[in-house]
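Here is how the chains run, residue by residue.
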Amino acid sequence: MVKARKFVFASIFDGEPKQSDFELQFEELPTLEDGDVLVETIYWSVDPYMRVQMPKLPVNSTMIGENIARVIESNDPKYPVGSYVWSFFGWRDLTIFNNNMDKKEKGGNHIPPYIVEPIANIPLSQRLASLGMTGLSAYFGLIELCAPKANETIVISGAAGAVGSIVGQIGKILNCRVVGVAGSAEKCRWLKEELNFDAAIDYKNENIEEALQRLAPNGIDVYFDNVGGELSSIVMSQMNEFGRVALCGAISTYNLKSDRTTNIPIQPIIIAKQLKVEGFIVNRWFMRWEEGVAKLSQWILAGQLKYRETISNGFDSLPTAFIGMLRGDNIGKALVKK
Ligand SMILES: NC(=O)c1ccc[n+]([C@@H]2O[C@H](COP(=O)([O-])OP(=O)(O)OC[C@H]3O[C@@H](n4cnc5c(N)ncnc54)[C@H](OP(=O)(O)O)[C@@H]3O)[C@@H](O)[C@H]2O)c1
């Protein structure tokens, strides 16, 4: 009998998640039946949306999330042993799925896993990062919603994270002036010296208002927002008329115990500057996924797009990696490796 490990959501998050909010459980897996596939997760993605989505599910639900897994036993010829799949199995190590079952859960999953073919010279883990949900959020969110033109100024909050670091580099490929906002001097150094950002602001130690005036002297045309809250109100108050804002995330609000409004009312600024502000969920472009992956991998292979991973080792490190990512411990994409 094979035993799987999984982390469940043991109590409703109250502010910042803590170790006791997660409980390790064991599950005996049945013998494989016709059409069943047994996979072992190799990489887990830890993402901010888990902080928002888990409290909507019942306590004791398996933690949700994307994975790259390897097929280790298979009764389905579409999934040969040794192949890799993208999946949404969440925080579990071994999973049995059966694609022939109509939404019937096996291993707690009902989004059909799909085979990922390795791309030469790009690690498989990037399927959860620059070539996955976060890279595609950067690509489609920036290009489709903000339509940046050469020489325009783009400001990105959460700039040293998985989404933000890709947004800024795409901005540079499009010949824009790129200013990142991130939470440490080391993150700002990385953005400027290694990713070629024109400027970076350490929002924990600098006056953002003054820094933006100095570093975006022609005003801001595009704001790619990963953070929300007061920081975003300050950025938007320095935008040019007809600027475009992509609301990707609002991580500064995710750990708040109750809804709190910002000190700067944002609506009058949006009106006065005639801004176009649009929120998005990346799945909107699901049908164009392959187009985005092709473009992003082409830039990576040409050396125009760099990626960085903050990898924690071992299944047991999932809660720590998740809590750390929310605190800003990661540079680039936060991942857990088997
Ligand atoms: N709309 C979509 O479809 C979609 C898809 C993917 C992600 N997102 C959103 O995009 C944002 C970035 O996601 P990601 O996966 O790339 O995560 P990430 O940026 O790699 O990691 C989260 C980062 O958020 C920053 N942060 C945490 N608390 C903050 C606060 N109070 N104020 C400012 N920054 C804070 C931290 O960096 P610092 O050190 O800089 O503080 C931390 O490293 C999130 O809001 C996420 O929900 C949306």
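Residues numbered from 1 in each chain as written. Predicted model: local features only at pLDDT ≥ 70, side-chain atom pairs only at ≥ 80, totals over all residues.

Asker: Would you explain the overall build of the protein in this entry?
Answerer: Helix and strand counts for the protein come out as 10 helices and 15 strands. A principal-axis box enclosing the C-alpha atoms of the protein has dimensions of 65 × 45 × 35 Å. By residue count, 43% of the 338 residues in the protein fall in the buried class. (Helix = DSSP H or I, 4+ residues; strand = E, 2+ residues; numbered from the N terminus. Buried ≥ 20, exposed ≤ 12 C-beta atoms within 10 Å, placed from the backbone.)

Asker: Sorry if this is basic, but what is going on with the packing of helix α2 (residues 133-146) against helix α9 (residues 289-301) here?
Answerer: In a pair of packed helices, the angle between the axes and the distance between the axes together describe the arrangement. Taken N-terminus to C-terminus, the directions of α2 and α9 make an angle of 95 degrees; their axes are 10 Å apart at the nearest point. Regarding the angle of α2 to α9, the classification is roughly perpendicular. Together, Gly 135, Leu 136, Tyr 139 and Phe 140 of α2 and Trp 289, Gly 292, Lys 295 and Leu 296 of α9 make up the contact between the two elements. (Axes fitted to C-alpha atoms, helices over the stretch in contact; angles between N-to-C directions. Parallel < 35°, antiparallel > 145°, perpendicular 65-115°, else oblique. Contact = placed C-beta atoms within 7 Å.)

Asker: I keep staring at the domain arrangement of the protein and nothing clicks. Help me out?
Answerer: For interface size, the figure often reported is the accessible area lost on association. What the domain assignment reports for the protein is domain 1 (2-121 + 308-337) and domain 2 (133-283). Opposite the 14 residues of domain 1 that make contact, domain 2 presents 14 residues. When grouped by side-chain class, the residues that make up the side of domain 1 that touches domain 2 number 4 nonpolar, 4 polar and 6 charged. (Domains from an automatic or database assignment. Nonpolar A, V, L, I, M, F, W, Y, C, P; charged D, E, K, R; others polar.)

Asker: Explain the environment of Ile 115 here, please?
Answerer: Among the structural elements, Ile 115 can be located in strand β7 (residues 114-115). The exposure class of Ile 115 is exposed, given the 12 C-beta atoms found within 10 Å. Here the alpha-carbon distance between Ile 115 and Val 336, two residues 221 residues apart in the chain, equals 20 Å. Residues within four places of Ile 115 in sequence aside, it is in contact with Tyr 79, Ser 83, Tyr 84 and Val 85.

Asker: For this particular structure, what's the right way to read the site of the ligand?
Answerer: Taken together, 31 residues sit near the ligand, with Gly 161, Ala 162, Gly 183, Gly 249 and Gly 328 positioned nearest. Taken together, the elements giving at least two residues each to the shell around the ligand come down to α2, α3 (162-173), α7 (251-254) and α10 (318-327). (Near = placed C-beta within 6 Å.)

Asker: Before we go on, may I ask you to explain unusual backbone geometry in this structure?
Answerer: In terms of backbone geometry, most residues other than glycine have negative phi values and most peptide bonds are trans. Even without a glycine there, the phi angle at Asn 60 is positive, about 85 degrees. Relative to the helices and strands, Asn 60 is located in the loop between α1 (49-53) and β4 (67-74). We note that Asn 121 has phi near 70 degrees; this positive angle belongs to a residue other than glycine. Its place among the elements puts Asn 121 in the loop between β7 and α2. The class for Asn 121 is exposed, based on 8 C-beta atoms found within 10 Å.

Asker: What should I look at first to understand the sheet that holds strand β12 (residues 239-247) in this one?
Answerer: Strand pairs in the sheet, formed through backbone hydrogen bonds, run parallel or antiparallel to each other. Taken together, the 6 strands give an open sheet; going across it, the order is β10-β9-β8-β11-β12-β13, and neighbouring strands pair in parallel fashion. Each edge of the open sheet carries a strand with a single partner, namely β10 (199-202) and β13 (276-279). Neighbour to neighbour, the strand axes of the sheet diverge by 15 degrees on average, direction disregarded. Inspection of the sheet shows strand β9 (residues 177-182) paired to β10 by 4 bridges, in the parallel sense. The residue bridging Ala 182 from the neighbouring strand is Asp 202, located in β10. The sheet strands contacting α2 are β11 (220-225), β12 and β13, and the helix crosses β12 at an angle near 145 degrees. The strands that helix α5 (residues 208-215) touches are β9 and β10; relative to β10, the one it contacts most, it runs at about 175 degrees. (Pairing = 2+ DSSP bridges.)

Asker: Quick question: what am I supposed to make of the pairing of strand β5 (residues 84-87) here?
Answerer: Two faces make up the sheet, and in a regular strand the side chains alternate between them. Of the two faces of β5, the one lined by Tyr 84 and Trp 86 and the one lined by Val 85 and Ser 87 are each fully buried. Relative to β5, β4 is paired through 4 bridges, and the arrangement is antiparallel. Bridge assignment links Ile 68 to a residue of β5, and that residue is Trp 86. Summarising the sheet, β5 and β7 pair through 2 bridges and their orientation is antiparallel. By the bridge assignment, Trp 86 is partnered in β7 with Tyr 114.

Asker: Is there a simple way to explain α9 in this structure?
Answerer: Along an α-helix, residues three or four apart share an orientation, since each turn contains 3.6 residues. Its 13 residues place the ends of α9 18 Å apart at the C-alpha level, agreeing with the 18 Å of an ideal helix rising 1.5 Å per residue. On the buried face of α9, the contacting elements are α2. The first or second residue beyond α9 is Gly 303, which carries a positive phi of 80 degrees. (Expected span 1.5 Å × (residues − 1).)

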